[in-house]
Amino acid sequence: MSSRTRPRITKSIACRRCHSRKVKCSGGIPCNGCRQAAKDDECEYPRKNRLVKVSEQYIEDLISENQRLRGSAQPPSDETVDAPVLAEAPWFVNADALHTPILVAEASDSAFASRFRQVMSQTHHGHLPRINFPTDEQLLALSEADCPWPSPARARLLVQTALNGLGRCYHVVRRSLTFRDLDSNSLDSLSRSKLWALFAIGEMYTTRNPSPEKGFPGIRYFCKATNILRIVSERPSVEMVEVQLLLSVYSLYLNRRHAAYSLAGSAVRLAVIMGLHLNIPESQLTDVGQREHRNRLFWTAYTFDRMWAAKLGYPSVIQDDQIEVRLPTSPPGLADLGALDFPDRDYFVARIGLARISGKIISSIYSKSGQKNSLSHRVQDALGDLRRWLQELPPALQDPARCEGDWDAKARSLHLLFNQLAILSTRPILLHVLRVHIEARQKPTKEANVPVSATTLSETCIRCARHSCSVLVDSWTNGSFMVFDFFYTQYLFSAATILAISSLLPGKERQSDEEQFEVAVSFLSQLRDSGNYAAAEFYKHIEAVTELLHPTKVRLSDSGSENTATPQDSAYGSALDTGLTELPSASNDMTTGTALFDPLLQELLEQPSLDLEFIDSSMYLDEQQGFYWPDLTTQGDPA
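Predicted, not measured: the structure shown is a model, and the values here were computed from it.

## Considering the nonpolar core
Next, step 1: Ranked by internal contacts, the top residues of the largest apolar core, which has 152 residues, are F116, Y250 and W308.
Next, step 2: The leading source of residues in this core is helix α17 (residues 406-442), at 15 residues.
Next, step 3: With near-sequence residues (within four places) excluded, F116 lies in contact with L431, L434, T497, A500, I501, L504, V545 and L549.
Next, step 4: If you look at the next biggest cluster of nonpolar residues, it comprises 6 residues, including C15, C18, C25 and C31.

Below, the structure written as structure tokens:
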């Protein structure tokens with residue numbers, strides 16, 4: 001502050017001692033009189049609320065400095081924030097095991113469940129810690145324990161099961177070469193680690209009636225396979241990428257999601273070191289099978305990295321504009337070997353497309369840094385990507401009823417993933433719509449004014465959850481729902497959370513959604529009791545949600561909710577205002593693929609722009625309507 005704008009007090013003030021003695025005070029601390037009388041400690045000046053003249057520029061500078069300091073300060077742990085899902089500051093929770101905060105990304109399913117509880121209770125509900133996974137110490141102890149190599153028949157069964165289960169959706173190893181290694185009497189450390197990892201995955205898939213005494217199926221084999229990671233290879237190989245991908249997917253089954261994410265990212269980095277993200281010239285690698293395996297292996301690493309990142313809400317390792325390698329093909333000239341090692345090209349390309357979209361959803365919808373467009377535009381872009389993916393999907397995958405055999409399971413997995421990405425894109429809107437309805441019911445004079453586009457997106461989110469739940473129930477009843485499958489368990493939890501929200505919104509199908517929610521909860525309970533680590537974690541969130549559901553329903557019922565328009569009524573009312581004559585209605589007659597080609601979603605994607613500005617303004621401007629940060633004293637690994 002320059003001397004020209006600094007305020008001046010021109011009239012001197014006498015200290016209390018000089019004033020009582022009625023002598024002139026020189027000013028200062030101490031003044032001359034007090035110092036000469038050795039009364040320094042008595043030299044005090046009276047405090048007065050005096051009016052002084054200051055420049056207008058001085059006041060403006062103070063206001064500007066105050067705003068700057070406020071903007072740079074971090075909010076305290078109990079401060080409200082201005083976004084239900086897209087918060088200004090990152091969300092950390094302390095982890096007592098590491099003595100450092102762990103990032104809880106808003107895109108994760110568990111974080112969404114915590115935000116849902118905060119909406120219902122409107123209090124400072126913290127995030128539940130994630131403690132359901134084997135610790136590092138347990139795995140290290142098992143890696144040093146004896147674990148015999150399975151008998152030839154048992155080994156072949158485990159590898160066959162692993163390749164049938166994992167290979168149904170991903171390309172990690174070549175089937176023909178893997179069985180050749182299995183029959184070999186001389187194996188290097190990498191090949192042995194790869195087979196140990198396949199034994200672990202195979203035992204997990206073959207276990208139907210788990211025994212708690214024996215522990216998680218395959219975990220001893222897994223720990224043996226991890227011994228290869230003790231040394232970071234200076235010259236990585238294709239086999240090392242294969243091993244890391246196998247260990248990554250099994251880590252996910254153990255609910256060690258951070259480890260799975262790290263291993264997948266490491267596999268991508270190893271692939272980049274070897275140039276797997278680029279097309280290798282035929283002159284340098286003439287073997288067609290090896291070239292195709294390199295390509296497919298890279299895309300599997302890419303898919304793992306993108307999908308695991310989406311589950312956690314974290315960034316991916318490599319950007320799309322850095323990748324030049326071609327998509328999987330059907331290599332000519334390999335005859336039966338090509339069909340054995342490189343099947344189903346269309347399916348793998350479709351899954352890569354969804355993995356790419358998942359990365360865009362995380363970076364656009366759930367990230368605020370560097371965003372040029374509003375949330376409404378980013379949601380519409382994500383749905384546009386999903387629509388284009390649908391248009392490019394081969395007919396056999398569009399209509400799974402025309403498929404036979406293994407294609408059914410692949411199409412089911414693909415459609416569940418599509419539903420999950422649609423839910424991931426639209427559930428911030430659904431949660432905000434719920435908040436609007438809760439506020440409207442608590443205040444009789446306030447109406448739940450929700451634009452037709454927001455209502456349509458919310459209903460789309462709910463319908464995708466219904467379809468996922470229907471597919472998972474069907475898988476459960478026909479025996480294809482694996483006890484320790486992380487993916488199906490996650491989809492079940494994600495869909496259950498959305499159905500719980502739907503049960504709070506007025507509508508014709510709320511009772512049906514509540515019943516489906518109860519079915520999903522019962523499945524999660526059985527999976528938890530069977531030793532599924534992920535189900536044990538998700539069930540804790542479901543229990544916390546369930547505790548608030550009934551009180552919330554009672555509170556909303558007592559507030560006169562019968563006078564509040566239903567989401568469907570609001571949609572049709574807004575449609576009349578905007579000139580739309582009809583909106584597609586929801587239907588319970590859902591089969592595999594219905595959610596992919598539902599007219600409700602198609603109608604929405606045909607619109608040139610979405611009227612979601614009310615959500616943008618609420619998320620970023622209305623601080624009083626925001627969520628609460630969790631208590632940072634929560635212990636455990638949260639993410």
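There is more to say after this.
## Re the state of the cysteines
Cysteine pairs can be linked by a disulfide, which is a covalent bond between their two sulfur atoms.
Next, step 1: For the structure shown, the criterion picks out 0 disulfides.
Next, step 2: Free cysteine C43: the closest other cysteine sulfur is in C34, separated by 4.0 Å.
Next, step 3: Residue class for C43 comes out buried when judged on its relative accessible area of 7%.

## Here's the deal with the environment of R230
Next, step 1: Tracing the backbone shows R230 in the loop between α9 (219-225) and α10 (238-253).
Next, step 2: Assessed through its relative accessible area of 53%, R230 is described here as exposed.
Next, step 3: Those residues in contact with R230 that lie beyond four places of it in its chain are S143 and E144.
Next, step 4: In this structure the side chain of R230 is engaged in a polar contact, spanning 3.2 Å, whose partner is the side chain of N227.

## Observations regarding the packing of aromatic side chains
Next, step 1: Within this structure, the stated rule accounts for 27 aromatic pairs.
Next, step 2: Measuring from ring centre to ring centre gives 6.2 Å for Y253 and F487, while their planes differ by 90 degrees; the resulting arrangement is edge-to-face. Here F487 lies in helix α19 (residues 486-502) and Y253 lies in helix α10, a separation of 234 residues in the sequence.
Next, step 3: Residue classification places Y253 among the buried residues on the basis of a relative accessible area of 2%.
Next, step 4: Exposure remark for F487: the relative accessible area of 10% places this residue in the buried category.
Next, step 5: Ring pairs connect the aromatic residues Y170, Y205, Y253, F304, W308, F486, F487, F493 and F538, which therefore count as one cluster.
Next, step 6: Across from the ring centre of F112, 4.7 Å away, lies the NZ or CZ of R427, which sits over that ring.
Next, step 7: Between R528 and the ring centre of Y539, over which it is positioned, the NZ or CZ distance is 4.3 Å.

## Things to note about unusual backbone geometry
Peptide bonds are trans in most cases, and residues, glycine excluded, mostly fall at negative phi.
Next, step 1: A positive phi is found at N255, a non-glycine position, where the angle reads about 65 degrees.
Next, step 2: With respect to the secondary-structure elements, N255 resides in the loop between α10 and α11 (257-273).
Next, step 3: A relative accessible area of 0% means that N255 is categorised as buried.
Next, step 4: In this structure, D344 takes a positive phi of about 55 degrees despite not being glycine.
Next, step 5: Residue position: D344 is located in the loop between α13 (335-341) and α14 (345-364).

## Concerning the environment of C147
Next, step 1: Position of C147 relative to the elements: it lies in the loop between α5 (136-144) and α6 (152-166).
Next, step 2: Distance from C147 to R220, taken between C-alpha atoms, is 6.7 Å for residues 73 residues apart in sequence.
Next, step 3: Here C147 is in contact with W196, R220, Y221 and K224, once residues within four sequence places are set aside.

About the cut-offs
Residues numbered from 1 in each chain as written. Predicted model: local features only at pLDDT ≥ 70, side-chain atom pairs only at ≥ 80, totals over all residues. Heavy atoms only, no water. Core = buried A, V, L, I, M, F, W, Y, C linked by side-chain atoms within 4.5 Å. Buried < 20%, exposed > 50% of the residue type's maximum accessible area, 1.4 Å probe, protein only. Helix = DSSP H or I, 4+ residues; strand = E, 2+ residues; numbered from the N terminus. Contact = heavy atoms within 4.5 Å. Disulfide = S-S within 2.5 Å. Polar contact = N/O pair within 3.5 Å; in protein donor to acceptor, adjacent residues only side chain to side chain. Phe/Tyr/Trp six-rings, centres within 6.5 Å; stacked < 30°, edge-to-face > 60°. Lys NZ or Arg CZ within 6 Å of the ring centre and 35° of its normal.

That's the geometry; what it means functionally is another story.
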